[in-house]
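The residues making up each chain are set out below.
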Amino acid sequence: MNQKYLPEGLLYGSAQNAQYISSLQGLEKAMRDDKIIEAPAVMCDSDMNLFVDLGEIRGIIPRNEVMLCREGEETKTIAIITRVGKPVCFKVTSIGEKSGETVAYLSRRAAQIECKREFLSDLICGDIIQAKITHFENFGAFVDIGCGISSLLSINYISISRIPHPSDAFDVGEYIPVIVKEIDEANDRISVTHRELLGTWEENAAFFAPAQIVSGIVRSIESYGIFIELAPNLAGLAEHRAGVKVGDIASVYIKNIIPEKMKVKLAIVDSAPGILPKKRKYFIDTDEITHIDRWRYSPSSAPRVEETVF
């Protein structure tokens, strides 16, 4: 995935970025070249100005330069204080003296304006991009899709398997591939999806076979049975068993796999509270494929078609 405007944090460890932030001469060059660079935010003062670690040089992002806001809106305090302790992107706007020390004035807002103009404005639905998980809400995960600009990944689009909370799938700070789902130009918003990268029903079912005993996560208990996630995009149905709770780790016997009905029939052997690693397998090589127009989850033999058209 060759993406010029990256989520914050990915640029910080690069050799070129290190050269720019390691000296006054490097910062001056970054200003002349109009480069976007990154460094850790270490503090915000009572006026909500953000201070950035540039070694011996003090870096300051004034409050009104911390982020790009919609017209008429002010930068929220929470959007500033949550940057402390994390890498932030910025452009160097000026270098001068303040109270006898060299100070570099920076603008994260300017970096976001460029990212929006040169990258986000050219995106179309179906484009595959890199994102960073920034925080969770019950209804989904918010992700950074470039220079700290936020997008919503709805909980319904994280995986085919229904999960109670986005933290069941991701960790804050994690970098993941996503697909542009919807572009709302009127409200200046982009939403993304993730489940189409996790494989079709057949691709996931190919890892399992009848008579195997495997482990899964109990995702829901319904009147007609218990749904157990075998993979993020594959769940099976088991008959009721006393004592089983949502969130339990269950060992299950695979009774049958029926592609035309998209069903995996299971029998619960045992279950107990526990935690399984958050493992995901991506079935699209995002280094080679940067756009898809359509994704069909259901097998060709299934009468019911489940697909995404971008």
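Our subject is the structure listed above.
Quick caveat: nothing in here was measured; it's all calculated off a predicted structure.

J.: Would you take a moment to explain the overall build of the protein chain for this structure?
T.: Secondary structure assignment for the protein chain yields five helices and 17 strands. Taking the principal axes of the C-alpha coordinates as reference, the protein chain spans close to 75 × 40 × 40 Å. Of all 310 residues assigned to the protein chain, the portion counted as buried reaches 43%. Carbon and sulfur atoms form 50% of the exposed surface of the protein chain, whose accessible area is close to 16,000 Å².

J.: So what exactly am I meant to see when it comes to the sheet that holds strand S12 (residues 225-231) here?
T.: Note on sheets: strands pair through backbone hydrogen bonds, and any given pair is parallel or antiparallel. If you walk around this closed barrel you meet the five strands as S11-S12-S13-S15-S14, and the pairing is mixed. Geometrically, the sheet is characterised by an average inter-axis angle of 50° between neighbouring strands, direction not taken into account.

J.: Can you help me understand the nonpolar core in this one?
T.: Among soluble globular proteins, nonpolar side chains are generally buried collectively. Ranked by internal contacts, the top residues of the largest apolar core, which has 28 residues, are Trp201, Ile228, Leu230, Leu234, Val252, Val264 and Leu266. Breaking this core down by element, the ones donating at least two residues are helix H5 (201-205), strand S11 (213-222), S12, strand S13 (234-238), strand S14 (249-258) and strand S15 (263-272). What Leu230 contacts, discounting residues up to four positions off in sequence, is Phe208, Val214, Ser215, Ala235, Val252, Val264 and Leu266.

J.: Whenever I open this one, the side chain of Ser159 confuses me. Can you help?
T.: Mapped onto the fold, Ser159 is located in the loop between strand S8 (150-154) and strand S9 (175-184). Ignoring anything within four residues of it in the chain, the contact list for Ser159 reads Arg195, Leu198, Pro232 and Asn233.

J.: Can you help me understand the packing of aromatic side chains in this one?
T.: For any two aromatic rings, the description comes down to two numbers: the centre-to-centre distance and the angle of the planes. Applying the stated criterion to the full structure yields five aromatic pairs. For the pair Phe139 and Phe142, a centre-to-centre distance of 6.0 Å together with 85° between the ring planes defines the contact as edge-to-face. Taken together, a centroid distance of 6.3 Å and an interplanar angle of 70° make the contact between Phe207 and Phe283 edge-to-face. Separated by 76 residues along the polypeptide, Phe207 in the loop between H5 and S11 and Phe283 in the loop between S15 and strand S16 (294-296) bring together distant segments of the chain.

J.: Sorry if this is basic, but what is going on with the pairing of S8 here?
T.: Within a regular strand, the side chains alternate between the two sheet faces. The pairing of strand S7 (residues 140-144) with S8 spans five bridges and is antiparallel. Bridge pairing in S8 links Phe142 to Leu152. In this structure, the hairpin formed by S7 and S8 is closed by a connection of five residues, where Gly146 is found at a positive phi of approximately 150°.

J.: Is there a simple way to explain unusual backbone geometry in this structure?
T.: Most peptide bonds take the trans form, and the phi angle of most residues other than glycine is negative. The residue Cys147 is not glycine, and still its phi comes out positive at about 55°. Tracing the chain through its elements places Cys147 in the loop between S7 and S8. Positive phi outside glycine occurs at Met262, with the angle close to 50°. Residue placement: Met262 occurs in the loop between S14 and S15.

J.: Can you walk me through the sheet that holds strand S4 (residues 87-98) in this structure?
T.: Spatial ordering of the closed barrel is given by S1-S2-S3-S5-S4, a layout of five strands whose pairing is mixed. Strand-to-strand, the axes of this sheet are offset by a mean angle of 45°, without reference to chain direction. Sheet analysis places strand S2 (residues 50-54) next to strand S3 (residues 57-61), joined by five bridges and oriented antiparallel. Paired with Phe51 across the strands is Ile60, a residue of S3.

J.: Would you take a moment to explain the pattern of salt bridges for this structure?
T.: Should the charged atoms of two oppositely charged side chains come close, the side chains can pair. A full pass over the atoms with the stated rule returns 15 salt bridges. Between Asp34 and Lys91 there is a salt bridge; the shortest N-O distance is 3.1 Å. In this pair, Asp34 is assigned in the loop between helix H2 (24-32) and strand S1 (37-44) and Lys91 in strand S4, connecting sequence segments 57 residues apart. Residue classification places Asp34 among the partly exposed residues on the basis of a relative accessible area of 45%. Where Lys278 meets Asp171, a salt bridge forms, and the shortest distance between an N and an O atom there is 2.8 Å. Taken together, the residues Lys278 in the loop between S15 and S16 and Asp171 in the loop between S8 and S9 connect sequence positions 107 residues apart. When its relative accessible area of 37% is taken as the criterion, Lys278 is described as partly exposed. For Asp171, a relative accessible area of 42% gives the class partly exposed.

J.: Looking at this structure, how should I read a positive patch on the surface?
T.: A surface patch of positive charge is lined by Lys255, Lys261, Lys263 and Lys265. Exposure remark for Lys255: the relative accessible area of 43% places this residue in the partly exposed category.

The rules behind each value
- Residues numbered from 1 in each chain as written.
- Predicted model: local features only at pLDDT ≥ 70, side-chain atom pairs only at ≥ 80, totals over all residues.
- Heavy atoms only, no water.
- Helix = DSSP H or I, 4+ residues; strand = E, 2+ residues; numbered from the N terminus.
- Buried < 20%, exposed > 50% of the residue type's maximum accessible area, 1.4 Å probe, protein only.
- Areas by Shrake-Rupley, 256 points an atom, 1.4 Å probe, with all protein chains shown as cover.
- Pairing = 2+ DSSP bridges.
- Axes fitted to C-alpha atoms, helices over the stretch in contact; angles between N-to-C directions.
- Core = buried A, V, L, I, M, F, W, Y, C linked by side-chain atoms within 4.5 Å.
- Contact = heavy atoms within 4.5 Å.
- Phe/Tyr/Trp six-rings, centres within 6.5 Å; stacked < 30°, edge-to-face > 60°.
- Salt bridge = Lys/Arg side-chain N within 4 Å of Asp/Glu carboxyl O.
- Patch = residues over 30% accessible without salt bridge, like charges linked within 9 Å, V, L, I, M, F, W, Y side chains within 5 Å.
- Lys, Arg positive; Asp, Glu negative; His and termini not counted.
- Charge placed at Lys NZ, Arg CZ, Asp CG, Glu CD.

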